[in-house]
Amino acid sequence: MAARAFDLTGKVAIVTGGNGGIGLGMAHGLADAGASIAIAARDPTKSQAAVDDLARRGARTMAIETDVTDPASVARMVAATLEGFGRIDVLVNNAGMSIRKPAHELALAEWHTVIDTNLTSALICAQAVYPAMKRAGGGKIISIGSMTSIFGAGFAPAYAASKGGIVQLTKSLACSWAADNIQANAVLPGWIDTALTQRGRAQVPQLNENVLRRTPAQRWGTIDDMAGIAVFLASSASDFVTGAAIPVDGGFSAMG
Ligand code: NDP
């Protein structure tokens, strides 16, 4: 296949939660493939640092202060992207968080916070970009699941439910919008070294040892391990791939 199938020159991507961690790793890949990037997250200082980082790689980029749980804020995210870059080709639903408590200790408000941030946000953002993608004749929606999309997590039931939901939402978007030439896929990262998992390592005894023992690659993933899948799923190379949930996990989900 010609390398140009992976070329994103002239394409515009919104990456929610793209100011750090996996979102920034994916933004690196998209930027290096030629896309313009809108970083949509809450913390303006972190977002500015991400924009500076992407600009140093030669990307056209901007930060848009966004809370993905708030439909009005997401509508402003879409309007600002269209105003700044004129089109939207790719949405990466990456913003997420976890509350680590077993089911018998989890308050209902905590359940809603996790579901709203990780799952409902993906629907809100997808609905918000849909008109622009349809108008442009197609688009790509990439949503971040987890190994807990496949396996249960006794320490994080709301998180696991949200990530299971991401896979089913992805399949549903893929079916709904295939006729509009919009492909929707989920990426299921294994254990990636980010702020989220550094907090996990501090809270969960033996987490580091367990991850290394359970992961065939015998290492944590880096944020830049997430770049290649982002480019593939954002580019025309994946035009016949939709409704899939693809692990990027160093073999974690293959291990019996
Ligand atoms: P980080 O904590 O580094 O990144 C999460 C990002 O989400 C932050 O940049 C944060 O930015 C943003 N965010 C959180 N809440 C909101 C909100 N309400 N509105 C907008 N942005 C928000 O974690 P990771 O990079 O590890 O996680 C990224 C995604 O990958 C998450 O969906 C996570 O569940 C998933 N994941 C991570 C794994 C890992 O091993 N690290 C494994 C599997 C999945 P800000 O605070 O500025 O809003």
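Scroll up for the structure.
Here is what the cut-offs are and how they apply
Residues numbered from 1 in each chain as written. Predicted model: local features only at pLDDT ≥ 70, side-chain atom pairs only at ≥ 80, totals over all residues. Heavy atoms only, no water. Helix = DSSP H or I, 4+ residues; strand = E, 2+ residues; numbered from the N terminus. Rg over C-alpha atoms; globule rule 2.2 N^0.38 Å. Buried < 20%, exposed > 50% of the residue type's maximum accessible area, 1.4 Å probe, protein only. Contact = heavy atoms within 4.5 Å. Salt bridge = Lys/Arg side-chain N within 4 Å of Asp/Glu carboxyl O. Pairing = 2+ DSSP bridges. Axes fitted to C-alpha atoms, helices over the stretch in contact; angles between N-to-C directions. Right-handed = clockwise from strand over helix to strand, strands pointing away. Near = heavy atom within 4 Å. Polar contact = N/O pair within 3.5 Å; in protein donor to acceptor, adjacent residues only side chain to side chain. Areas by Shrake-Rupley, 256 points an atom, 1.4 Å probe, with all protein chains shown as cover. Expected span 1.5 Å × (residues − 1). Bend = angle between axes of the 7 residues up to and from the residue. Phe/Tyr/Trp six-rings, centres within 6.5 Å; stacked < 30°, edge-to-face > 60°.

## Describing the overall build of the protein
A count of helical and extended segments in the protein gives eight helices and seven strands. Against the compact-globule benchmark of 18 Å for 256 residues, the protein has a radius of gyration of 17 Å, which places it among compact chains. Along the longest, intermediate and shortest principal axes, the C-alpha atoms of the protein span 45 × 40 × 40 Å. The buried share among the 256 residues of the protein stands at 52%. Contacts spanning at least 24 positions in sequence make up 74% of the contacts within the protein whose residues lie at least 6 apart.

## Details of the pattern of salt bridges
A full pass over the atoms with the stated rule returns seven salt bridges. Between lysine 140 and aspartate 239 there is a salt bridge, with its nearest N and O atoms 2.7 Å apart. Of this pair, lysine 140 sits in strand β5 (residues 139-144) while aspartate 239 sits in the loop between α8 (227-234) and β7 (245-248), placing them 99 residues apart in sequence. The class of aspartate 239 is partly exposed, set by a relative accessible area of 40%. The closest approach of N and O atoms between aspartate 193 and arginine 201, which form a salt bridge, is 3.0 Å. Given a relative accessible area of 33%, aspartate 193 falls into the partly exposed group. With relative accessibility at 29%, the residue arginine 201 sits in the partly exposed group.

## A look at the sheet that holds strand β3 (residues 61-65)
Strand order in this open sheet of seven strands is β3-β2-β1-β4-β5-β6-β7, and the pairing throughout is parallel. With one partner strand each, in any of the chains shown, β3 and β7 form the two edges of the open sheet. If you compare each strand with its neighbour and ignore which way they point, the axes differ by 20° on average. Here four bridges tie strand β4 (residues 90-93) to β5, and the two strands are oriented parallel to one another. Note that in β5 the partner of leucine 91 across the bridge is isoleucine 141. α8 contacts β4, β5, β6 (182-189) and β7 of the sheet and is inclined by roughly 145° relative to β5.

## Regarding the pairing of β3
The pairing of strand β2 (residues 36-41) with β3 spans five bridges and is parallel. Each bridged residue has a counterpart across the sheet, and for alanine 40 the counterpart in β3 is isoleucine 64. The parallel pair β2 and β3 is bridged by helix α2 (residues 44-56), and the resulting crossover is right-handed.

## Side note on the site of the ligand
Near the ligand lie 29 residues; those nearest to it are Asn19, Arg42, Tyr159, Ile192 and Thr194. Between aspartate 67 and the ligand, the recorded distance is 3.0 Å, taken from a side-chain N or O atom to a nitrogen atom. Between an oxygen atom of the ligand and a side-chain N or O atom of lysine 163, the distance comes to 2.9 Å. Look at the ligand: alone it shows 870 Å² of surface, and the protein chains cover 94% of it. For the shell around the ligand, the elements supplying multiple residues, two or more each, are α1 (21-32), α5 (157-177) and α6 (195-203).

## Quick look at helix α4 (residues 108-136)
With 29 residues, α4 should reach 42 Å at 1.5 Å per residue; the first-to-last C-alpha distance of 40 Å fits that figure. Maximum bend of α4: about 45°, positioned at aspartate 116. Within two residues after α4, glycine 137 carries a phi angle of roughly 90°, on the positive side.

## Comments concerning unusual backbone geometry
As a rule of thumb, non-glycine residues mostly have phi less than zero, and peptide bonds are mostly trans rather than cis. Even without glycine at this site, asparagine 181 takes up a positive phi of about 60°. Along the chain, asparagine 181 falls in the loop between α5 and β6. Backbone geometry at glutamine 218 places phi at a positive 60°, although glycine is not the residue there. Assignment of secondary structure puts glutamine 218 in the loop between α7 (207-214) and α8.

## What about the packing of aromatic side chains?
Counted under the stated rule, the structure contains three aromatic pairs. Considering the side-chain rings of tyrosine 130 and tryptophan 177, the 4.3 Å spacing of their centres and the 25° angle between planes classify their relative orientation as stacked. One end of the pair, tyrosine 130, is in helix α4; the other, tryptophan 177, is in helix α5, and 47 residues separate them in sequence. The exposure classification of tyrosine 130 matches that of tryptophan 177, with both residues buried. Judged by centre distance (6.1 Å) and plane angle (70°), the rings of phenylalanine 151 and phenylalanine 252 are edge-to-face.

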